[in-house]
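Summary of structural features
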Amino acid sequence: MQTNNYFTVLRRKTTLLACLSALSLAGCDKFLQPNPTDVLAPENFYRSGADAVSAINSVYAQTPWMYTFYFYESDVSSDDVLATANFGADGHQLASYTFDPTLWSIDDAWTNAYITINKANIVLDRVPPIVMDVTERNRVLGEAHYLRALMYFELVRLFGDVPLIEHEAKSVADARIPRSPASDVYALIASDLNTAMTDLPASYSGADLGRATSGAATSLLAKVYLNQNDYNNAAKYAGQVMSSGRYSLNAHWLDNFKISDEIVNPESIFEINYGAPEDTPGVPGSIQTLFSLPSGFPGGDAYGLMLVNPELVALYASNDQRGNGATYMNSPYTLADGRVATWGVPNGAAFHKYLDETNTKDMTARSWQQQPNNWIIQRYADVLLIYAEAVNAGGTATNGTAEAALNLVRARAGIPVVSGLGASALTDSIRVERRREFAFEGQRWFDLSRWGILDAVVRAKTAQMQTLQPGETQVHGATSNLYPIPIGQINSNSQLTQNPGW
């Protein structure tokens, strides 16, 4: 596993520089007049190249908090997940799609995204005047542009129009602004990523492994354009990543989640680094393993909060690398060390994806925020399926056919390739492949939303739940293809408006 400690995570006294959560500033204004014995004033900090690197490291160090509960909105609320009796009210509200603007995890996503954005803005505002190596300065700024773009992409996909803050928020007033049109947010995202593509290196070595690369910026830009139905640009930029020769599919699908190969495997493009505290001080461990394993599963904590929807299980052929023992597991399940795990939850396939059976911590010492399983933001299979979808939808083919890109993913999984499909059938095949390939990887809800089928899928899932979980909820659809603006943000910023339907 990488030992970069988030590139020697910034632990210097920079609380002032990192505190503003922009639109969730209640209680944060106390940092605006810091005790000088506790923090360094900004004018005394940004003076050297080392200061610039420390500042960008603080942006990276914030990202694990953004993605800790990200799977609540991206996966639990999708048709891939059912909540068990062990899950709290929040999990049941998401799984049954009965949440409202008061749900804490929606506010958590908003708040942490804006904290990260403000940290990136600090870098972009304060690093340019520093006298330092030009290449290093450009790289630091490129990283800030990439990370800001990533956060705004998450926000615009979740909420649509959001406040657009392009400079450091130095006061509460700086953050209390209205929502900007999604088109303006996308324009900033594209601008940031174009800058990052130019300024970032193609790769790193040593302690810098894991930083954003030009390939990460290019792949994210392809996804950004796909999300806007700009199929020519989505195909163009995905094709550029494919042509670079820098990435390839892992021979074994499950190696994408092998902790010892995080970041350094050929399929990895960008990941959020989580770590066990003894390995990466200051970086929290991930929690999705604990949440998804059945209660009582051997090897440490296992909360048994989620089940895999039987309809998802049915999509995997018996010879699919991503099926039983990979994405999910059935009871009884024999572990690599010979232990046999059993659980008795009805309809009970459990997620296996984040159980690395080669990792001692995952297998023998699981506990709260101790797991070093990274959260994958971008991997090469996504680029291939972005390209396939964009070309099939009318984008110009720049690197082969849509079927060829799709078939690379299918062939790696060990299932038959497709041939001669019409556009409609190929659309269906790509959509099913995305579901199989990326289950519980933060993709499903966003796919349903951008395809415009979220309402229909929620109706189908809640109808299914009448049989699987009687009394859980009534049959209903989705209020919107967006999440509600968190009520706490509206209460603290009178200029915010709510999304329709909420």
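Residue positions within a chain follow its written sequence, with the count starting from 1. Given that the model is predicted, a residue must reach a pLDDT of at least 70 before its local features are reported, and side-chain atom pairs must reach 80 or more before they are shown or counted; all residues, however, enter totals for whole chains, interfaces and linings. The side-chain values count all of the structure's non-hydrogen atoms but skip hydrogen atoms and water molecules.

So, the pattern of salt bridges
Keep this limit in mind: The salt bridge definition used is simple: a Lys or Arg side-chain nitrogen within 4 Å of an Asp or Glu carboxyl oxygen. Only DSSP runs of H or I with at least four residues qualify as helices, and only runs of E with at least two residues qualify as strands; both kinds are numbered from the N terminus onward. For each residue, the accessible area found with a 1.4 Å probe, counting protein chains only, is set against the maximum for its type, and the residue is called buried under 20%, exposed over 50%, and partly exposed in between.
Per the counting criterion, the structure on display carries 27 salt bridges. The salt bridge involving R435 is made with D79; its shortest N-O contact spans 3.4 Å. With a gap of 356 residues between them, R435 in helix α18 (residues 423–438) and D79 in the loop between α5 (70–76) and β1 (81–83) connect regions that are remote in the sequence. A salt bridge links R412 to E437, with the nearest nitrogen and oxygen atoms 2.9 Å apart. Of this pair, R412 sits in helix α17 (residues 402–413) while E437 sits in helix α18, placing them 25 residues apart in sequence. The burial state of R412 is the same as that of E437; both residues are buried. Salt bridges sharing common partners tie together E267, D320, R322, K353, R379, R410, R412, E433, R436, E437 and E441.

Looking at the side chain of S268
Inclusion rule: Any pair of N or O atoms that falls within 3.5 Å is considered a polar contact. Within protein, one atom must be able to donate a hydrogen and the other to accept it, and sequence-neighbouring residues count only if both atoms are side-chain atoms.
Take S268: it is sitting in strand β2 (residues 268–272). In this structure the side chain of S268 is engaged in a polar contact, spanning 2.7 Å, whose partner is the side chain of E271.

Some points on the environment of S449
As a reminder of what qualifies: Note on contacts: a residue pair qualifies if any of its non-hydrogen atoms lie within 4.5 Å across the two residues.
Tracing the chain through its elements places S449 in helix α19 (residues 444–451). Along the sequence, S449 and D356 sit 93 residues apart, while their C-alpha atoms lie 30 Å from each other. Residues within four places of S449 in sequence aside, it is in contact with L454 and N481.

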